[in-house]
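Coordinate inspection notes
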Amino acid sequence: VIGLTYLIDMISGDELGNVAVHGEPAKIAAVKQHLFDDALFPVPPAFQLKPLEQSHALGGGGTLTHFPLHHPGGSVGYRLDWPDRSMAYVSDTTALPNADYIEKIRGVDLLVHEANFADDAQEMAILTGHSWLSNVAQVAADAEVGRLVLVHLNAQLKSDTELDIAGMRRIFKHTEIGTDRMEIEF
Ligand SMILES: [Zn+2]
């Protein structure tokens, strides 16, 4: 949520024209009331805040749908389906073998999933509503997705080599680490 203030900078140039931020009505109200409060950030955002519809049409005949995730304060996962391909974006939740969102992401070609914690930090992952590596791989396998790209990695890691990708690939072979400005063909 705090990243919304950085958007103001990004959309001041010519590259991005009309920007709308979609969110759950209660979250939008809280953002307006708290984040853009006069005492904190008294700059009106140059984007529209719109309620998130149950489904949203995308270019190329696609549809975006969403589903709730378990996270302190709530979180939302997204599924994007086009006639010839599909993807899901899941962040800020604890990947568990019986997670109800597995059915929502079943069979997507590409799953972008957070993987903030290593397997030795499961307690912290649960406390903060995030995931650890092996469970993310297991969710990808259980949901029978095509590929898994990891995001929301632990910012304290000095290098991606500290991630046990080999261990994840033993559970789900097609696992990759997401990087800034990465473009994914799928
Ligand atoms: Zn997070």
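Let me sum up the structure you'll find in this document. (Residues numbered from 1 in each chain as written. Predicted model: local features only at pLDDT ≥ 70, side-chain atom pairs only at ≥ 80, totals over all residues. Heavy atoms only, no water.)

Quick notes on the pattern of salt bridges
Overall, the coordinates contain six salt bridges when judged by the stated rule. Note that Asp-81 is salt-bridged to Arg-79, the shortest N-O span being 2.9 Å. (Salt bridge = Lys/Arg side-chain N within 4 Å of Asp/Glu carboxyl O.)

Examining the pairing of strand S8 (residues 147–151)
Where strand S7 (residues 110–114) meets S8, five bridges bridge the pair, whose relative direction is parallel. Its bridge partner being in S8, Val-112 is matched across the sheet by Val-149. Direction of pairing for S8 relative to strand S9 (residues 175–177): parallel, over a ladder of three bridges. If you follow Val-149 over to S9, its bridge partner there is Glu-176. For the crossover that starts at S8, traverses helix H5 (residues 165–171) and ends in the parallel S9, the hand is right-handed. (Pairing = 2+ DSSP bridges. Helix = DSSP H or I, 4+ residues; strand = E, 2+ residues; numbered from the N terminus. Right-handed = clockwise from strand over helix to strand, strands pointing away.)

What to know about the nonpolar core
Among the nonpolar cores identified, the biggest contains 27 residues, and Tyr-101, Ile-105, Leu-111, Leu-148, Leu-150 and Met-168 are the most heavily contacted of them. At the level of secondary structure, the elements contributing two or more residues to this core comprise strand S4 (62–69), strand S6 (85–90), helix H4 (133–142), S8 and H5. At five residues, the largest contribution of residues to this core is made by H4. Setting aside residues up to four positions removed in sequence, Leu-150 forms contacts with His-113, Ala-115, Val-136, Ile-165, Met-168, Thr-175, Glu-176, Ile-177 and Gly-178. Among the nonpolar cores identified, the runner-up in size contains 12 residues, and Val-19, Val-21, Ile-28 and Phe-47 belong to it. (Core = buried A, V, L, I, M, F, W, Y, C linked by side-chain atoms within 4.5 Å. Buried < 20%, exposed > 50% of the residue type's maximum accessible area, 1.4 Å probe, protein only. Contact = heavy atoms within 4.5 Å.)

Re the sheet that holds strand S5 (residues 75–82)
Reading across from one edge, S3-S4-S5-S6-S7-S8-S9 is the order of the seven strands in this open sheet, with mixed pairing throughout. Sheet topology places strand S3 (55–58) and S9 at the edges, where each strand pairs with a single neighbour. Taken pair by pair, the neighbouring strands of this sheet meet at an average axis angle of 20°, ignoring direction. Contacts between H4 and the sheet are confined to S7 and S8, with S8 contributing the most and set at about 150° to the helix. (Axes fitted to C-alpha atoms, helices over the stretch in contact; angles between N-to-C directions.)

Looking at the environment of Gly-74
Assignment of secondary structure puts Gly-74 in the loop between S4 and S5. A relative accessible area of 32% places Gly-74 in the partly exposed class. The spatial distance from the C-alpha of Gly-74 to the C-alpha of Arg-169 is 29 Å, given a sequence separation of 95 residues.

Some points on the coordination of the zinc ion
All of the protein donors around the zinc ion are Asp-92 (OD), His-130 (NE2) and His-152 (NE2); their distances to the metal are 2.0 to 2.1 Å. Going along the chain, you hit the donors of the zinc ion in the pattern D-x37-H-x21-H. Here the residue Asp-92 occupies a position in the loop between S6 and S7, and His-152 occupies one in the loop between S8 and H5, the gap between them amounting to 60 residues. Under the relative-accessibility criterion, Asp-92 is labelled partly exposed at 21%. (Donors = N, O, S within 2.8 Å, 3.2 Å for Na, K, Ca; no water.)

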